[in-house]
Amino acid sequence: MTRKGLRNIKNLSDSKKKAILDKRIASLCKRAEKLSILCDIEVGLIIYNSPVETNPFVWPSLTKATNIVTNYLRFTEVQREKKLVRHDVYLQEKVNDMEKNVRSKIEQMAEEMEMETLFNQLVKGKNINELDVRQIKGLRHSYCVVVFFVAIVVVVFIVIVVVVVVVVIFVVIIVVVVVVVVVVVAFVVVIAEVVVFAFVVVVIDGF
């Protein structure tokens with residue numbers, strides 16, 4: 001089964017094969033140019049369309065590609081091997097890293113399940129002296145993790161409570177200020193009405 005994005009071109013005509021090759025070569029040249037700019041290195045491409053072809057495709061130019069190959073051949077075999085990255089070795093390293101990560105996750109899951117089982121056994125009455133050193137360390141680690149998460153939950157709860165209390169106090173202060181303002185305004189209005197009434201009475205008595 002072919003990989004996604006790849007297709008079998010054995011049954012295509014020569015013109016379609018050439019069109020696909022030209023498109024892929026153009027994409028490869030763009031990637032090579034980006035690699036050269038980003039890493040500040042010399043990159044050259046030499047592509048033979050077939051084993052019998054005498055005029056290969058060369059990028060960025062025949063002169064630059066020839067200089068790159070010549071400079072590379074000047075180094076000894078030991079110097080070439082220092083920074084040489086083989087594709088199969090690179091893939092094997094990636095596979096090893098993935099296997100290591102998967103193995104680590106499986107071991108962690110197995111240890112967590114074992115610690116959970118030990119917790120249940122201790123709750124049911126198993127003597128802690130029957131555990132070995134590794135199991136005791138695992139239980140201690142699990143206990144520390146549980147305590148850590150509980151502490152985080154408690155801290156978050158306290159922060160929420162403090163925020164709610166501050167908001168309530170702020171609202172109460174606003175309500176008190178509004179009530180005081182309303183009372184003062186009402187008092188001023190009453191005083192003003194009394195003064196106006198007294199003034200009217202004095203004016204009427206004058207007449």
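Bear in mind that the values here come from a model prediction, so they are computed numbers and not experimental data. (Residues numbered from 1 in each chain as written. Predicted model: local features only at pLDDT ≥ 70, side-chain atom pairs only at ≥ 80, totals over all residues. Heavy atoms only, no water.)

J.: What's the story with the overall build of the protein in this structure? I'm lost.
T.: When its secondary structure is counted, the protein shows five helices and two strands. In the protein, which comprises 207 residues, the proportion classed as buried is 8%. Put simply, the protein shows about 18,400 Å² of open surface, and 68% of that area lies on carbon and sulfur atoms. (Helix = DSSP H or I, 4+ residues; strand = E, 2+ residues; numbered from the N terminus. Buried < 20%, exposed > 50% of the residue type's maximum accessible area, 1.4 Å probe, protein only. Areas by Shrake-Rupley, 256 points an atom, 1.4 Å probe, with all protein chains shown as cover.)

J.: Help me understand the nonpolar core, please; the structure alone is not making it clear to me.
T.: One recurring pattern in soluble globular proteins: nonpolar side chains tend to sit buried together. Within the largest apolar cluster, seven residues are counted, these being Ile25, Cys29, Ala32, Val43, Leu45, Ile47 and Trp59. Listed by contribution, the elements that provide at least two residues to this core are α1 (14-39) and β1 (45-47). The greatest single-element share of this core, amounting to three residues, is contributed by α1. What Leu45 contacts, discounting residues up to four positions off in sequence, is Leu28, Cys29, Ala32, Phe57, Val58 and Trp59. (Core = buried A, V, L, I, M, F, W, Y, C linked by side-chain atoms within 4.5 Å. Contact = heavy atoms within 4.5 Å.)

J.: Would you take a moment to explain α1 for this structure?
T.: Here α1 contains 26 residues, and its C-alpha end-to-end distance of 37 Å stays within 8% of the 38 Å for a straight helix at 1.5 Å per residue. Every buried residue belonging to α1 is among Ile20, Ile25, Cys29 and Ala32, and all of these are buried. Remark: Asp40 follows α1 within two positions and exhibits a positive phi of approximately 55°. (Expected span 1.5 Å × (residues − 1).)

J.: Would you take a moment to explain unusual backbone geometry for this structure?
T.: Trans is the prevailing form of peptide bonds, just as negative phi is the prevailing case for residues other than glycine. Here the amide bond leading from Trp59 into Pro60 is cis, since omega sits at 0°, within 30 degrees of zero. Within the element layout of this structure, Pro60 appears in the loop between β2 (57-59) and α2 (62-74). The phi torsion at Asp40 lies on the positive side, around 55°, for a residue other than glycine. Looking at where Asp40 falls in the secondary structure, it is placed in the loop between α1 and β1.

J.: I keep staring at the pattern of salt bridges and nothing clicks. Help me out?
T.: Tallied over the full model, the rule gives one salt bridge. The residue Lys18 makes a salt bridge to Asp22 at a minimum N-O spacing of 3.1 Å. Remark: Asp22 and Lys18 occur in helix α1; sequence separation between them is four residues, near one turn of the helix. (Salt bridge = Lys/Arg side-chain N within 4 Å of Asp/Glu carboxyl O.)

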